[in-house]
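# Structural overview for review
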Amino acid sequence: MRANRRTDTKPELALRHALHRLGYRYRKDYRLDLDGGRRVRPDIAFTARKVAVFVDGCFWHACPEHGSNPRANEWYWGPKLIKNVERDRVNDAALILAGWTVVRLWEHVPIDEAVGTVVTALTATVAPGPAKAADPGNAAGPVSPSDGTEPPNRIPPATDDSLG
Ligand SMILES: [Zn+2]
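Attention in this report is confined to the structure presented alongside it. Just so it is clear, the structure is predicted and the values come from calculations on it, not from any experiment. (Residues numbered from 1 in each chain as written. Predicted model: local features only at pLDDT ≥ 70, side-chain atom pairs only at ≥ 80, totals over all residues.)

### Side note on the environment of Ala98
Using the following cut-off: Runs of E in the DSSP output that reach at least two residues are strands. Runs of H or I that reach at least four are helices, and both are numbered from the N terminus. We call two residues in contact when the distance between their C-beta atoms, placed using the backbone, is within 7 Å.
Assignment of secondary structure puts Ala98 in the loop between helix H2 (74-97) and strand S6 (101-106). Sequence separation between Ala98 and Leu34 is 64 residues, and the spatial gap between their C-alpha atoms is 7.0 Å. When neighbours within four sequence positions are excluded, Ala98 is seen to be in contact with Leu34 and Asp35.

Encoded structure:
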């Protein structure tokens, strides 16, 4: 097995290229300094929208499909991989606390699916500040009252739990 290359794995590169082709701009291996001195480097970071994308190697991050414990040297790999997974979870929690959306993809996820997941996460978040003027479809910010396309206040009937 090759050494653990932390960055620029093939699935990660493919995802970056695909996103770039779609016109998305991001930072790779962007270091985030979070509360408590925790430093996290998402593989792909959309800093304006605060979307952090990680492409997790099946082995290193213990994918349920391919990350089965290696038979040999289990005494060594077992705890090491568990530590990796625990660190992932702690990092996720720290990112979410800091207002980030965390997207984790297994390296085995097909590229189209990976791109779709990231794009969905990006469209679900609204970049702060004025949207680019060249993008009229991206009407960020509060919904204007003059927009009559949406039915007003579609609130479901109140469920009153206090009624016995
Ligand atoms: Zn896998």
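Read on for the rest.
### Regarding unusual backbone geometry
Negative phi is the rule for most residues except glycine; trans is the rule for most peptide bonds. The backbone of Asp29 sits at a positive phi, close to 50 degrees, despite the residue not being glycine. Turning to its location among the elements, Asp29 is positioned in the loop between strand S1 (27-28) and strand S2 (32-33). In this structure, Lys50 takes a positive phi of about 55 degrees despite not being glycine. With respect to the element layout, Lys50 can be found in the loop between strand S4 (44-46) and strand S5 (51-56).

### Some details on the sheet that holds S4
Counted only if it meets this: When DSSP finds two or more bridges between two strands, those strands count as paired. Orientation is described by lines fitted to C-alpha atoms, with helices fitted over the stretch in contact, and by angles between N-to-C directions that extend from 0 to 180 degrees.
Taken in spatial order, the 4 strands line up as S1-S4-S5-S6 in an open sheet, and their pairing is mixed. The two strands at the open ends of the sheet, each matched to only one other strand, are S1 and S6. Across 2 bridges, the pairing between S1 and S4 is antiparallel. Across the sheet, Arg27 pairs through a bridge with Ala45, a residue of S4. Helix H3 (residues 111-124) rests against S4, S5 and S6 of the sheet, and its axis sits at about 175 degrees to S6.

### Focus: the nonpolar core
Here is the rule: By our criterion, buried Ala, Val, Leu, Ile, Met, Phe, Trp, Tyr and Cys residues that link up through C-beta atoms within 7 Å make up a nonpolar core. A residue is called partly exposed when the number of other C-beta atoms within 10 Å of its own lies between 12 and 20, exposed at 12 or fewer, and buried at 20 or more, with C-beta atoms placed from the backbone.
Membership of the largest hydrophobic core comes to 20 residues, with the highest contact counts inside it found for Val51, Ala52, Val53, Val103 and Val118. Every element with two or more residues in this core is listed here: helix H1 (10-21), S4, S5, S6 and H3. Tallying contributions element by element places S5 first for this core, with 5 residues. Here Val51 is in contact with Phe46, Trp100, Thr101, Val103, Ala121, Leu122 and Thr125, once residues within four sequence places are set aside.

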